[in-house]
Structures are given as C-alpha cells and as structure tokens.
Amino acid sequence: MRIALFATCLADTLFPEVAKATVAVLERLGHQVDFPAEQTCCGQMHVNTGYQRQALPLIRRYVETFEPHEVIVAPSGSCVGSIVHQHAMVARRQGDLELASRAEAVAARTHELSQLLIDVLGVEDVGAYYPHRVAYHPTCHSLRLLQVGDRPLRLLRAVAGLDLVPLADAEVCCGFGGTFAVKNADVSTAMLADKMGNVLGTGAEVCTAGDSSCLMHIGGGLSRLRTGVRTVHLAEILAST
Amino acid sequence: MTAFLGMPAHAPRGVGHLRGEEPFPAAARRALNDAQLRRNLGKATSTIRAKRAAVVGELPDWEELRAAGRAIKADAMRNLDRYLLQLEAAVTERGGIVHWARDANEANAIVTSLVQAAGATEVVKVKSLATDEIGLNDALAAGGIAAYETDLAELIVQLGHDRPSHILVPAIHRNRAEIREIFLREMSDVDPGLTDDPAALAEAARRHLRRKFLSATVGISGVNFAVAETGTLCVLESEGNGRMCLTLPQTLITVMGIEKVIPTWADLGVFMQLLPRSSTGERMNPYTSMWTGVTAGDGPQAFHLVLLDNGRTAALADPVGREALHCIRCSACLNVCPVYERTGGHAYGSVYPGPIGAVLSPQLTGIQDNASLPYASSLCGACYDACPVKINIPSLLVHLRARHVEESGASVEALTMAAASWVMSSPRRFGRAQRAGRIYRPLGRRGGGLPPPLAAWTRSRDAPVPPARTFREWWRDEHGETP
C-alpha cells in the first residue's frame, strides 16, 4: 500500500526520530511511504488558542497537500484529532464551505498510527523487539477524541521482550494541553507532578504514548527531576528490532 | 414595556457572584499552594468519581439516556419562548404568581419586596445556585431580611463567611475538622464538647436549623426542573431540609433560571435517572419534592415563581455556545476535571466553577469579564465523557476562545500567532524557520531556560534540544528530493 506520511510540525522539527520510526515500521511491513514535502502543520495550536482565522491557511495547506493521497498517517492522536474534528468545523465557521467539504474528505482518509496499523493494515505484531519495562500513557485526544481504545496496548503487547506495566490513573491528563502548559503553567505543572508520580511508581524505564507533544511535557518534567526515566514515542518502540 | 433593541443583555456588574477578582491563573496559583485544599479536594472528588462510575455502569441504556437528555434540552432551548409562556400559564392557573426578571437586580428587588410584603424579617433557604448567582442573600440583608441557608454544606459556607466552591457540594474544600471549628465559632447554641464525627456535626446543624424551620414564614428555593405542560416545579436533594423549606412556611418564593424548563411531565423520567447518578453517585436521591401552584390547606398558601434571565438570552443567541444552557447542574464534570481537582472552585471566581462554569460564566457575563476562563482547561475531554446531557464542553471552550480572540484587539500573542501562521502556511518559510531555530541548539542544554513566554515552560520542564537535522532534511538527504 502507498501511505502518505504527515510527520506533524513538532516531530518534523524537534523529534525527527518519531517520523523516521513511522517510516521504518511501515516499510518493514512492505508498504511504500511518501512524504509530501509541501506539508507543514495541522493548525491545532492556532485553533485551540482561539486563532481560527489564522489557522485557516494551515488547514488549506494540509487539505491541498494530502488531497491526492488515498491513505494518510500521522504519529499523533492530537494532530489527527484536530484534522478529523476541527478542520471542517473551522472552515465552516470562517465561511469557506468548499474547503470544509474537502477537509472532511481528506480527514476521513487520515489515520493515527495505531489505527492505521490495526484497522487499515490489520496487523498487531509488527515484528518489533524492545527489551524494556514500559508504561503506556493514553493521551487524551487519542483516547477521547479519536477513541483509539486499546489499539496501542495491543501493539505493545505484541512487541517481543517488552514488559508492559500498568500505569495508575493512566487516563488522567498529563497537563500538557498545548498553550495551556504556558498560560496555566502552575496548574499544568501540578497535573504533571501527579502523572510523573504515577509513572515513577510503576518502576518503568520508559514512558510511552502516541503523541510527541504530551511526551515532550512528561519527558521534560522527568528530565528536570533527573529521574532516569525516558519518554519514547510508540512509533519508536514499534520500529525497534 | 421597553422596546427591545440590539443584542440581549449580559448579567450586570456589581451584583451577584459570576465574576472573580483576578484571572484564573493567578487565583489557581494561590489555590495550588494550599496543601490542605489539595488533599480535601483530591479525596472528595475521587470518592464521588468512583461512586458515579459504579452506578452509571449499572445501566445498560446509559448512552441512550444521555442522548434523550440532550434531545429534550435542545428542544427546550429551541422553543424556550413557547415553553416559558406555557409554564407561566400553568403555574398561574394553579394559583401561583409568575414574575419575570431581566437580571440579578430585578430578581433581587422582586424577591425582597415579596418578603417585605409578607411581613417577614427572616427567610429559610433551600440550596440554590440561582440565588447565589444573583447575590440574593446580600440584597435581602440590605432590605433588613436575614436569610438562613438550610442545606448542610451551604450552612457551613454561610457560617464560615465563605463562598461555595462546588455546584453540588459547596463546602467540598472543607474537611470535618474545619467544619467542627466553624460550628464551635459560629453557632451560639452548639455543644462545646462537639466532636468532628460526621453524625455529631449533622446533629448540631439539625438542632441549629430546627428552630428556624418552625419560625420562618417565608421559604426561598431554586429549582431543578420546571415542567411546562403542568406547571410543576421539582427540587432534588439529599437531606430533607429542602422539603422543610418547601412545605412549612406560608409563603414560598422560587427563583428559576429560564433554562430550567422542560416540556413535559414524561421528560422528568429521563432526568430522574440521569441526575442522581451523575451528581451524588446514587441510583435515586433521598428527597424529590414536586409542587404545582398552591393547594388549599396544605403547604405554602402563597407561591411566587421568579423567572430569571441574567445573561441566559445572550447565551441563547450564540448557536454554538447555547449548548451550555443544557446543564442540569449535576457537577459530574467538576469531579472528573483534573484542573478543578487541583485548583478547587474558588479559582474560577463564579458560583459556576469547573468545566461547565468555564463555558457558562463567560457567556452570562460577556466574555471580556471572564476572559481567562475558556483557557482554564487542557481540553482533555473528561468532562464531555461524564456529562449526562452530552454537552461538548471542550468544543465550547475552543469556540469561546475564538470568540474572545475575535472580540479582542491587537496583542503580542495575536502578532505571534499571525506570524506563526504566515511562516507555517509555506513549506519554504517553515523550513527556513526550522533552520533558524537550530541556532538555539547550543543553548538548549538540559535545565536551561527559554525566553518568555516559553520561560513558563522551562520553570518546571526541560526543553527539547533541536536535532541536527529535521525530518524533512533527513528525508531529502535519503531520497534526494528537493522541497
């Protein structure tokens, strides 16, 4: 299958290993990955901060870039959540009905990584090997907006050597929330403290999730505390052999 | 009658409790420093969360009930003009008197004059958010009338000279040791040997209140539901103190937000299942009181219903935002909210705290008066999952943020966002910005600080170090394509 990768602006800029790992997993499964170079950002930060008019060019860019592609994947529940639940809404609110219907069509072909692997490609065991103790944090937008359910857990359970440990209060938000982390830094940090406490309580070496943004937040906190616990994106674990 | 010109009015300033004294982040910071508050809230919300999850899980048709609740509320809001007139006619026909109050000031004046006309200087009150919203107790006091809260938690708040911090459990921020101290300090008739045993505290309140119930000639209540077709008012409570207020005094005055109307008697069946399970985590609440107008020789012989707008019509004018008016005040969204659990209700500055308050208060007051509230959420969506009438609170928050930005002028943030949009709408400009960002690489060592506004990030979190090559550079190097 030919699959177009939306790397997301965050992974492209700061966490390229996540996008590379996504390519590696899909190629290992025998698929051909395209990276449409005209892509930039889904616009979620603008939408969620109230700047819908400024998000519109980014939404148009996403739609135009990925319109020719049949199957699209992104290693982020949050960005895919925005594409699926916000793009058409914003276009409509800004009065661009033509863009809204095109956005709906492209969104219907855009998949978060675990959804693509399990629902579209029909695989749970991607042939990975990762001999570490891992705690999985279900990010809010993958859990509640996209309803990925236990798909990431099914993928992790099939990874050879991986010791998956249960995370207490796993479904409670880590406190990232995009610009919330800066606008309400104190509340965000209090939420992060509880999340880190639960991660450390598992004795895991690695905390994983399907979103680079939440992992940047959790990982930034764990690093500041010199805990020695790392954050690793789900795609990187699945790419590991 | 005055002619209606322009947009419907918001709740007026200077009266009631819909606006905080400082923005949410500042109020939240103080709350976060209160370790006792964090412990009280964490314990209370986790207990209610577990109870709610257990009783909701018992119902195989919970999702259908939620859908029904949502549909009934949507119908009620769509035809509010018609249902309110129907309610007025039904209440009047059964001997009640209906008053229309445009805002808090009008409602306070109506209630105060009704109490004065009844010749009373004391009133007993059923727990009511609407009367808290309009600051009725202050208005009554100014009119020489003492109002006694009879709900145990409201009594604790009133005696403690405090503000409610939760929709259902107004004193959730207090533990029993603190309640004992308040009772010992404020109740003149209390046993000095009072312990902090919950039964002993309840008994002390019971003795304190009983005298008021027997002497008061006027009772004041809010309402959970008002049935348009029959004119029936309905209050759900746990203690029975509400029923005493609703049945013992000669005069009953009920203040009702206009969004509380539901079309038919049968609709109550849906909400009777949704509300107790969502609020207290019970299959059924202990006391459900319903009354229709006046019944000769039984209960209050004078009944007044005050219909309160106070910004609700303004909320109704927003086709997206009006969904906030569907709220049945169960407080399930507060109990599951990771922000509320850590800050408590006072930080929101309004009698409506938590996720629903963050979308309701700014619409009642106008967004500029509660501008920080739509941002007081990480948009995690736990509130939407818990809401018994499926109010999409995260979407409403995003919508209100957009309205706030559209109604605000130029700012550093707006310029930054516009610049970011310009950069990221072109892959060429985006690529250049990525390369420019790399000059910060040597500065990006662990523990380093970023410049404002990102300094707020590095106060508690390390910043990621930009990589030597972005993904698009790696891809180009691997595949030889030019961007």
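Residues numbered from 1 in each chain as written. Chains lettered and ligands numbered in written order. Predicted model: local features only at pLDDT ≥ 70, side-chain atom pairs only at ≥ 80, totals over all residues.

J.: Describe in detail the overall build of chain B, supporting the description with residues and values.
T.: Looking only at helices and strands, chain B has 22 helices and 10 strands in total. For 483 residues, the compact-globule estimate of 2.2 N^0.38 gives 23 Å, and the C-alpha radius of gyration of chain B, at 26 Å, lies within 12% of that figure. Each of the three principal axes of chain B carries a C-alpha extent, and together these read 90 × 60 × 50 Å. For chain B, with 483 residues in total, the buried portion stands at 49%. Put simply, of all contacts in chain B between residues at least 6 apart along the chain, 76% involve residues at least 24 apart. (Helix = DSSP H or I, 4+ residues; strand = E, 2+ residues; numbered from the N terminus. Rg over C-alpha atoms; globule rule 2.2 N^0.38 Å. Buried ≥ 20, exposed ≤ 12 C-beta atoms within 10 Å, placed from the backbone. Contact = placed C-beta atoms within 7 Å.)

J.: Just give me the short version of the overall build of chain A, but keep the residues and values in it.
T.: Regarding its fold elements, chain A presents 14 helices and 8 strands. For chain A, whose C-alpha radius of gyration is 17 Å, the value lies close to the compact-globule estimate of 18 Å for 241 residues. Principal-axis analysis of the C-alpha atoms places the extent of chain A at approximately 50 × 45 × 25 Å. The buried share of chain A, taken over its 241 residues, is 62%.

J.: I'd like to hear about unusual backbone geometry, residue by residue, with values.
T.: Residue and element names in this part refer to chain A. Of note, Asp169 is a non-glycine position whose phi angle comes to about 50°, a positive value. With respect to the element layout, Asp169 can be found in the loop between strand 6 (163–165) and helix 11 (180–183). By C-beta crowding, Asp169 is classed as partly exposed, having 13 other C-beta atoms within 10 Å.

J.: Just give me the short version of the interface of chain A and chain B, but keep the residues and values in it.
T.: Residue-level contacts link 52 residues of chain A with 52 residues of chain B. Counting residues per element, the side of chain A that touches chain B draws most heavily on helix 12 (residues 185–202) of chain A, which supplies 7 residues. In terms of residue class, the side of chain A that touches chain B is built from 27 nonpolar, 17 polar and 8 charged. (Nonpolar A, V, L, I, M, F, W, Y, C, P; charged D, E, K, R; others polar.)

J.: Run through the domain arrangement of chain B, naming residues and quoting values.
T.: All names here are of chain B. Annotation of chain B at the domain level lists domain 1 (34–190 + 201–312), domain 2 (326–407) and domain 3 (430–479). Put simply, the middle of domain 1 and the middle of domain 2, counted by C-alpha atoms, are 21 Å apart. Tallying the contact residues gives 32 residues for domain 1 and 23 residues for domain 2. When contributions to the side of domain 1 that touches domain 2 are tallied by element, the ones reaching two or more residues are helix 2 (35–57), helix 3 (62–78), helix 6 (129–133) and helix 12 (267–279). If one sorts the elements of the side of domain 1 that touches domain 2 by residue count, helix 2 sits on top with 8 residues. Per-class residue counts for the side of domain 1 that touches domain 2 are 12 nonpolar, 10 polar and 10 charged. (Domains from an automatic or database assignment.)

J.: Let's hear about the environment of Pro12 of chain B: which residues, and what values?
T.: Residues and elements named next belong to chain B. Tracing the backbone shows Pro12 in the segment before helix 1 (24–32). C-alpha of Pro12 to C-alpha of Asn310: the two residues are 298 residues apart in sequence and 7.5 Å apart in space. Residues within four places of Pro12 in sequence aside, it is in contact with Asp103, Ala104 and Asn105.

J.: Could you give an account of the domain arrangement of chain A, naming the residues involved and the relevant values?
T.: Residues and elements named next belong to chain A. Domain boundaries assigned for chain A yield domain 1 (2–120) and domain 2 (133–239). Each of domain 1 and domain 2 was reduced to a C-alpha centroid, and the two centroids are 22 Å apart. Taken together, the contacts link 27 residues of domain 1 with 22 residues of domain 2. Contributions of two or more residues to the side of domain 1 that touches domain 2 are made by helix 1 (9–13), helix 2 (16–28), helix 3 (44–49), helix 5 (77–85) and helix 8 (113–120). Looking at the side of domain 1 that touches domain 2 residue by residue, the class counts come to 14 nonpolar, 11 polar and 2 charged.

J.: How would you sum up the sheet that holds strand 5 (residues 133–136) of chain A? Please name residues and give values.
T.: The strands that make up a sheet pair up through hydrogen bonds in the backbone, lying either parallel or antiparallel. All names here are of chain A. Taken in spatial order, the 4 strands of this open sheet run 6-5-7-8, and their pairing is parallel. Of all the strands in the sheet, the pair left with one neighbour each is strand 6 and strand 8 (230–233). In this sheet, adjacent strand axes meet at a mean angle of 35° when their direction is disregarded. Two elements, strand 7 (residues 206–209) and strand 8, share 4 bridges in a ladder whose sense is parallel. From the neighbouring strand, Val206 faces strand 8, where its bridge partner is Arg230. (Pairing = 2+ DSSP bridges. Axes fitted to C-alpha atoms, helices over the stretch in contact; angles between N-to-C directions.)

J.: Go over the pairing of strand 7 (residues 251–257) of chain B, please, and point to the residues and values.
T.: Residues and elements named next belong to chain B. Burial runs high along strand 7: 7 of the 7 residues are buried. Every second residue of strand 7 is oriented toward a common face, with Thr251, Ile253, Val255 and Gly257 on one face and Leu252, Thr254 and Met256 on the other, all of them buried. With 4 bridges joining them, strand 4 (residues 218–221) and strand 7 adopt parallel strand pairing. Paired with Gly219 across the two strands is Leu252, which belongs to strand 7.

J.: Provide a residue-level description of helix 19 (residues 412–424) of chain B, including the pertinent values.
T.: Its 13 residues give helix 19 of chain B an end-to-end C-alpha distance of 18 Å, which sits within 8% of 18 Å, the value for a rise of 1.5 Å per residue. Met417, Ala420, Ser421 and Met424 of chain B are the residues of helix 19 of chain B that are buried. All buried residues of helix 19 of chain B fall inside an arc of 100° around its axis, so they share one side. Opposite the buried face of helix 19 of chain B, by more than 90 degrees, sit the exposed residues Val412, Leu415, Ala419 and Trp422 of chain B. The secondary structure elements touched by the buried residues of helix 19 of chain B are helix 1, helix 3 and helix 4 (52–66) of chain A together with helix 20 (427–437) of chain B. (Expected span 1.5 Å × (residues − 1). Arc of directions from axis to C-beta.)

J.: Lay out the environment of Trp457 of chain B with the relevant residues and their values.
T.: On the secondary structure map, Trp457 of chain B appears in helix 21 (residues 455–458). For Trp457 of chain B, a count of 20 C-beta atoms within 10 Å translates into the label buried. Separated by 30 residues in the primary sequence, Trp457 of chain B and Pro427 of chain B place their C-alpha atoms 27 Å from one another. Leaving out residues up to four positions away in the same chain, Trp457 of chain B has contacts with Ala181 and Val182 of chain A together with Leu450 and Ala463 of chain B.

J.: Please give an account of the environment of Ile167 of chain B that cites residues and values.
T.: Residue and element names in this part refer to chain B. Position of Ile167 relative to the elements: it lies in the loop between helix 8 (152–159) and helix 9 (176–186). Note on Ile167: 25 C-beta atoms within 10 Å, which makes it buried. Sequence separation between Ile167 and Glu63 is 104 residues; the distance between their C-alpha atoms is 24 Å. Ile167 has contacts with Leu129, Arg329, Ser331, Leu334 and Tyr352, leaving out every residue within four places of it along the chain.

J.: Could you give an account of helix 4 (residues 80–93) of chain B, with specific residues and numbers?
T.: For an α-helix, the turn length of 3.6 residues means that residues three or four places apart are oriented alike. Residue and element names in this part refer to chain B. Across its 14 residues, helix 4 extends 20 Å between first and last C-alpha, which sits within 8% of the 20 Å expected from 1.5 Å per residue. Listing the buried residues of helix 4 in full gives Tyr83, Leu84, Leu87, Glu88, Ala90 and Val91. Looking one or two residues past helix 4, Gly95 carries a phi angle of roughly 95°, positive in sign.

J.: Could you give an account of the nonpolar core, with specific residues and numbers?
T.: Val306, Leu308, Cys333 and Ile393 of chain B are the most contacted members of the largest nonpolar core, which totals 224 residues. In this structure, Ile393 of chain B is in contact with Cys333, Pro355, Ile356, Val359, Cys383, Tyr384 and Cys387 of chain B, ignoring residues within four places of it in sequence. (Core = buried A, V, L, I, M, F, W, Y, C linked by C-beta atoms within 7 Å.)

J.: Report on the sheet that holds strand 10 (residues 302–308) of chain B, specifying residues and quantitative values.
T.: All names here are of chain B. Reading across the sheet, the 6 strands line up as 1-10-7-4-2-3 and stay open at both edges, with parallel pairing between neighbours. What marks the edges here is a single partner per strand, and that holds for strand 1 (97–101) and strand 3 (146–149). Across the sheet, the mean angle separating the axes of adjacent strands is 25° when strand polarity is ignored. Where strand 1 and strand 10 come together, 5 bridges link them in parallel fashion. Looking at strand 10, one finds that His99 is bridged to Val306. Strands in contact with helix 5 (residues 104–117) are strand 1, strand 2 (122–125), strand 4, strand 7 and strand 10; relative to strand 10, the strand with the most contacts, it is inclined by about 170°.

J.: Describe the packing of helix 3 of chain B against helix 12 of chain B, naming the residues involved and giving the relevant values.
T.: Residues and elements named next belong to chain B. At a closest axis distance of 10 Å, the pairing of helix 3 and helix 12 adopts a crossing angle of 130°. For the element pair helix 3 / helix 12, the angle class is oblique. Seen along the crossing, helix 3 lies across helix 12 with a hand that is left-handed. On helix 12, the residues that touch Leu65, Ala68, Gly69 and Ile72 of helix 3 are Asp267, Val270, Phe271, Gln273 and Leu274. (Parallel < 35°, antiparallel > 145°, perpendicular 65-115°, else oblique. Left-handed = near helix turned anticlockwise from the far one by under 90°.)

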